[in-house]
Amino acid sequence: MLRARVHVTHAVSRVQRGDRHGAFALLDTADGLLVDARPNHVRSLAVVQRAGLHGRVGEWERTRELLEGVALTVEVAPRTRCLLHLNLGLTYQFLGRYHDSDVRLRRAHQDAVALGFPDLAAAAVHNRGRLQLLLGNLPRALSLMEQARALGGDLLPPGAVLDRARVLSEAGLVDQAMETLEEGEQAARSGGIAHDVAEADLERARLALLRHEHADARRYAARAERRFSRGSEHAWAVRASLLRLQAELLAGRNPEAVATTLTELADGAARASAVTAEAAVLAAEANALVGRLEEARRHLARPEVRRAASFPLRLQRTLALAELHAAEGRPDLVRRELRRGAHRLAVEQARHTSIDSRTAVALHTRRLRDAHLDLAIATGSPAQVFDATELWRGVSQRLPPLVASPDVELARLTADARRLHAEAYDAPDAVRRSTLEAAAREVERAVARRDWVQSGTASAPAEERPVTVAALRPLLEQARAGLLSLFLHRDHLWAVTVTPGGAKLTRVRGGGRVVEAAARLRADLATRRLAVGTDLEPVIERSMRRTATSLGEILAPVLPRAHRVVVIPSSTLASLPWRLVPGIRGRVVTVAPSATFWARRSVPVGASSADQRVVALAGPGLARATTEADDVTRVWGAGSRRGGTVSSGAALRAALSDSTIVHVAAHGVHQDESPLFSSVVMGDGPVFAHEFQRTGVGAEHVVLSSCEVGRTHVRAGDEALGLTASLLATGVRSVVAAVGPVGDDDAHAVMTAYHRVLAQGLDAAEALEIASAGVEEGRLFCAFGADWAPAPVPTGVSETARTAGSGVR
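Notes on the structure in this doc start here.

Criteria and thresholds
- Residues numbered from 1 in each chain as written.
- Predicted model: local features only at pLDDT ≥ 70, side-chain atom pairs only at ≥ 80, totals over all residues.
- Heavy atoms only, no water.
- Helix = DSSP H or I, 4+ residues; strand = E, 2+ residues; numbered from the N terminus.
- Rg over C-alpha atoms; globule rule 2.2 N^0.38 Å.
- Buried < 20%, exposed > 50% of the residue type's maximum accessible area, 1.4 Å probe, protein only.
- Contact = heavy atoms within 4.5 Å.
- Areas by Shrake-Rupley, 256 points an atom, 1.4 Å probe, with all protein chains shown as cover.
- Pairing = 2+ DSSP bridges.
- Axes fitted to C-alpha atoms, helices over the stretch in contact; angles between N-to-C directions.
- Phe/Tyr/Trp six-rings, centres within 6.5 Å; stacked < 30°, edge-to-face > 60°.
- Lys NZ or Arg CZ within 6 Å of the ring centre and 35° of its normal.
- Core = buried A, V, L, I, M, F, W, Y, C linked by side-chain atoms within 4.5 Å.
- Arc of directions from axis to C-beta.

1. Observations regarding the overall build of the protein chain
Looking only at helices and strands, one finds 36 helices and 16 strands in the protein chain. Expected size for 809 residues packed as a compact globule is a radius of gyration near 28 Å; at 30 Å, the protein chain falls within 12% of this value. Seen through its principal axes, the protein chain has C-alpha atoms that stretch 105 × 65 × 50 Å. For the protein chain, the proportion of its 809 residues judged to be buried stands at 58%. For the protein chain, the proportion of contacts with a sequence separation of at least 24, taken over those separated by at least 6, is 73%. Working note: accessible area of the protein chain is about 31300 Å², and carbon and sulfur atoms make up 51% of it.

2. Re the sheet that holds strand S3 (residues 502-507)
As summarised here, the arrangement of the 11 strands in space is S3-S2-S1-S4-S5-S16-S15-S12-S8-S6-S7, forming an open sheet in which the pairing is mixed. The outermost strands of the open sheet, each flanked by one partner alone, are S3 and strand S7 (640-642). Within the sheet, the average angular offset between the axes of one strand and its neighbour, ignoring direction, is 20 degrees. Examined bridge by bridge, strand S1 (residues 481-489) and strand S2 (residues 492-499) share seven bridges and lie antiparallel to one another. Each residue of the ladder has a partner; that of His 489, found in S2, is His 492.

3. Digging into the sheet that holds strand S9 (residues 668-669)
Read across the open sheet, the three strands follow the order S9-S10-S11; overall the sheet is antiparallel. The open sheet is flanked by S9 and strand S11 (685-688), the only strands paired with a single partner. Bridge analysis of S9 against strand S10 (residues 679-682) gives two bridges, and the strand direction is antiparallel. Residue Val 669 lies in a different strand from S10, and its bridge partner there is Ser 679.

4. A few points about the packing of aromatic side chains
Aromatic ring pairs are defined here through the distance separating the ring centres and the angle between the ring planes. For the coordinates displayed, the defined rule picks out four aromatic pairs. With 4.0 Å between their ring centres and 5 degrees between their planes, Trp 60 and Phe 94 make a pair best called stacked. On the criterion of sequence distance, the pair formed by Trp 60 in helix H4 (residues 60-68) and Phe 94 in helix H5 (residues 78-94) is long-range, its members being 34 residues apart. For Trp 60, a relative accessible area of 11% translates into the label buried. With a relative accessible area of 13%, Phe 94 lands in the buried category. One cation-aromatic arrangement involves Arg 219 over Tyr 220; the distance from NZ or CZ to the ring centre is 4.7 Å.

5. Focus: the nonpolar core
Counting residues in hydrophobic clusters, the biggest one holds 98 residues, and the most contacted among them are Trp 578, Leu 704 and Tyr 754. In terms of residue count, the dominant contributor to this core is helix H34 (residues 744-758) (seven residues). Residue contacts for Tyr 754: discarding those within four places in its chain leaves His 701, Val 703, Val 736, Ala 764, Ala 767, Leu 768 and Ala 771. Membership of the second largest hydrophobic core comes to 27 residues, among which are Ala 112, Ala 121, Ala 148 and Ala 160.

6. Here's the deal with H4
Among the residues of H4, Trp 60, Thr 63, Arg 64, Leu 66 and Leu 67 are the ones counted as buried. Taken around the axis of H4, the buried residues stretch over an arc of 165 degrees, which confines them to a single face.

Below, the structure is given as structure tokens:
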């Protein structure tokens, strides 16, 4: 019996090295040694291991037969009993028996906890997370896998890390998925686990497809296919083959041959590899593209395709249907499918209570958006193009404002990050500062992981319908405004200009230069403050003027002829200082995340609540902060209050929760790499953008008198992240913030004048234009979101308000 057990154990290591045949030979030897023995724990373990080998090559029915054939008698060792439930749970997933899978995995977890096997308990929780991935519930999948990670730590195999990378990938969190993937691949290589090394290539191919890096996707998938084939893991080789063929299809390589091969796979090997739905959808898309419409319809009609729960796969089915209807010459049906795709995105986003993951899933809609814009642009209709851009632009902004549940552990981690940043700020030497900043970044990663795993609601969202040109025109007439909607498509910059009189579609000539100039202007703004008082200062000023002039010349043909302009920027132009650009300079400007946001949330002048509450807060280390906060308070009189000499983060969060207008004079930081850790610095450390989703925001208008916190990082799907974007996502109608560094004196002068004008009942954008007159750096402040105006301060309430002029003091 001992020799038999050694052979069984050795078979596992053979599998890990990719020697499937050697593993089966060892199990055959073990069976021979046990042929005359009475039922015992080694025999049952050998059956469980043999079943696992059949699972590796995709023979899931054979795996099920073997595992279900094990009688749970006293001869089955407790650990083997747990393994049997665990492996059956996984097997049922591949067979599509999801309820049975959940039952077995819960039983495996229960027994593993009772019998003291923490590694198997963690594996059971992890595989329940994997099941939620198959069911399409990504927040729940992330939550369970993170629980398993906390339970198992280093006890979980590298494959579990690769599963987490897959969930992060499907959630659209590509950078985080890549980081997790590298962790899993390194562990697999260290342990010599050939399967997991090949699976890492498989996930790299999937991520490359998400990034539209088709050549890289094909290379990684082909390498994974070779590795799986060498190990005789045919089911996994089929999965790799599907990704390789998808990359070839998207790159336009031999579409006829790809369609034929995909059809053969969908009708054959994919069925035995538990990827029937994926193969059928791909085959449908390929056949539609080459004109084999009956074949495409046949694949899309398969029950497995209709039952698919994976969010990316459902979107891919939507795209395949749209391409089929396009080939049939039915643009009406194409638009119907595309609208369904946008609704599916909204439903998926509504599951997520994290701004990060809610905005990330829009990455999967890029091909749908491109297909819609191709169709709309081909018509030449400005209204149809506008409708297409609005359907896909910032879909999360059309959902109810995001409010996540409080989380004690997340609050603790955030407090740790705040403390470390505060200590780094005060550190006496560079080495200590660097150490503390590295520790803060590590805690930030833990915060992000915790934030992703918070489960959301699966209920249907109360989604706003996107505004149309017809609905927008009377609103623009009422506001005496024109709207400029910019978007990038197929490497070209396009514009839809909407005025009360009509709409115009234009491909912007020199659009590439607009993107380059915007990047150059942002870089000049960042370096200008460092060059103050040096010989470089006038050089940078001249460069900025030239760049702004160039932008103005290129954009001049598409600018609406109106004093008030609503700008809907493309992703690359989101952080542009619009009020510096000739042609726009001097106009009243609002920069909105979408026309729908502006139309639905704009408040007419003087229409806001008369019981408005105003709070002014000051942060540390800023000489003008307390004076500015005092000045703002005096402007608003009895309806305002100060938040203390130097306000805490708690005071800011409380003000955002229960005030109408919140003014914050403090240092601010925008982080492009981690936009949800963009922050304003208060007395006890930074307040991060991601915190707003959990504290609740009731404020209508927020003024951030800080450097550069008006900047935005825009993801695919025109989903914005950053301090300003987070405030708008959590219910604030309007934010005034700067997109670059502003001198203290200029900021103080403009902000004090701004509130004097705002208190008279003018809207934010107009008040900002008046307050900035004659102050060049004041033009770096911009009004974001919707047009918003307060109820004016009654005459006599405030001496400052009554005597306010229209310019800067």
